[in-house]
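Next come the chains, spelled out residue by residue.
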Amino acid sequence: SLLKANHIDSIIEKDKPDGFVTTNFTDAQLEALIVHEHGVTIAKENGAVLSFAMAASWEFWSGWPFFAHMIEKLPEFSFEGQVLTRQNSYQYGPICIDKSLRGTGLFERVFYASLASMRERYPIMATFVNQINHRSYAAHTRKVPLMTLGNFQYNQNNYYLMACSTALTQEML
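Residues numbered from 1 in each chain as written. Predicted model: local features only at pLDDT ≥ 70, side-chain atom pairs only at ≥ 80, totals over all residues. Heavy atoms only, no water.

A. The arrangement of the nonpolar core in detail. Membership of the largest hydrophobic core comes to 26 residues, with the highest contact counts inside it found for W61, F66, F67, M70 and L84. Listed by contribution, the elements that provide at least two residues to this core are strand 2 (48-56), helix 3 (58-61), helix 4 (65-73), strand 6 (124-130), strand 7 (147-154) and strand 8 (157-165). Take this core: its biggest share by element is four residues, from helix 4. (Core = buried A, V, L, I, M, F, W, Y, C linked by side-chain atoms within 4.5 Å. Buried < 20%, exposed > 50% of the residue type's maximum accessible area, 1.4 Å probe, protein only. Helix = DSSP H or I, 4+ residues; strand = E, 2+ residues; numbered from the N terminus.)

B. A look at the sheet that holds strand 7. The strand order 1-2-5-6-8-7 describes an open sheet built from six strands, whose pairing is mixed. Strands at the two margins of the open sheet, each flanked by one partner only, are strand 1 (40-45) and strand 7. Each strand axis lies, on average, 25° off the axis of its neighbour in the sheet, ignoring direction. By the bridge criterion, three bridges tie strand 5 (residues 89-97) to strand 6 in an arrangement that is parallel. The residue of strand 6 that forms the bridge with Q91 is A126. (Pairing = 2+ DSSP bridges. Axes fitted to C-alpha atoms, helices over the stretch in contact; angles between N-to-C directions.)

C. Region of the structure containing unusual backbone geometry. Geometrically, the link from G93 to P94 is a cis peptide bond, its omega value of 5° lying close to zero. The residue P94 is located in strand 5 in this model. A positive phi angle, close to 50°, is found at H38, a residue other than glycine. Secondary-structure assignment places H38 in the loop between helix 2 (27-35) and strand 1. Assessed through its relative accessible area of 53%, H38 is described here as exposed. With a phi angle near 50°, N155 is a residue other than glycine that sits in the positive phi range. Mapping N155 onto the fold places it in the loop between strand 7 and strand 8. Residue classification places N155 among the exposed residues on the basis of a relative accessible area of 60%.

D. Local environment of the pattern of salt bridges. Taken as a whole and assessed by the stated rule, the structure comprises two salt bridges. A salt bridge links E59 to R86; its shortest N-O distance comes to 3.8 Å. With a gap of 27 residues between them, E59 in helix 3 and R86 in the loop between strand 4 (82-83) and strand 5 connect regions that are remote in the sequence. On the accessibility criterion, R86 (36% relative accessible area) is partly exposed. Between K73 and E76 there is a salt bridge, and its shortest N-O distance comes to 3.6 Å. On the accessibility criterion, E76 (54% relative accessible area) is exposed. (Salt bridge = Lys/Arg side-chain N within 4 Å of Asp/Glu carboxyl O.)

E. Fine view of the side chain of S57. Within the fold, S57 resides in the loop between strand 2 and helix 3. In this structure S57 touches E37, Y90 and Y122, once residues within four positions along its chain are discounted. (Contact = heavy atoms within 4.5 Å.)

F. Looking closely at the packing of aromatic side chains. Applying the stated criterion across every chain yields a total of 18 aromatic pairs. When the ring of W61 is compared with that of W64, the centres are 5.2 Å apart and the planes differ by 45°; the resulting orientation is tilted. Since its relative accessible area comes to 15%, W64 is described here as buried. Grouped by ring-pair contacts, the aromatic residues F60, W61, W64, F66, F67, F128, F152, Y154 and Y159 constitute a single cluster. (Phe/Tyr/Trp six-rings, centres within 6.5 Å; stacked < 30°, edge-to-face > 60°.)

None of the figures reported here should be taken as evidence of function without further support.
What follows is the structure, given as structure tokens:
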């Protein structure tokens, strides 16, 4: 329900500046993300999911045309001297925080928990932010230190490609 409430197809135009999610999941995809990728980090209270972050291998994401495009673009980007590959990086996101809890520090806690969950498998986390999603870009550059590696286009939308080391912890800041 949190994903649906914050998906770009569900929110009204005036709420888009508050941030949005662009990736949809079928029940089977969500189950595979949880069971096989161990790629869902959540925060919940009284049984209600208040926040989630998704993370998975490029293989998992390769079935979505958007992510297949990103995979093709990976060799065009480098992070700390390493060219991004399917082997040394993974895709993080989407992340979503219940609107009532934005600005409380929950974003940072879920982000770092998600990052830690992938640390043993990959040295680099990569993601994208739609250039019209100013709230997400600000969160990923001000609240957590993602580096913008460059830009790419897909379906007439412009995106930032961003990355960080999975060795990064909140205590390091």
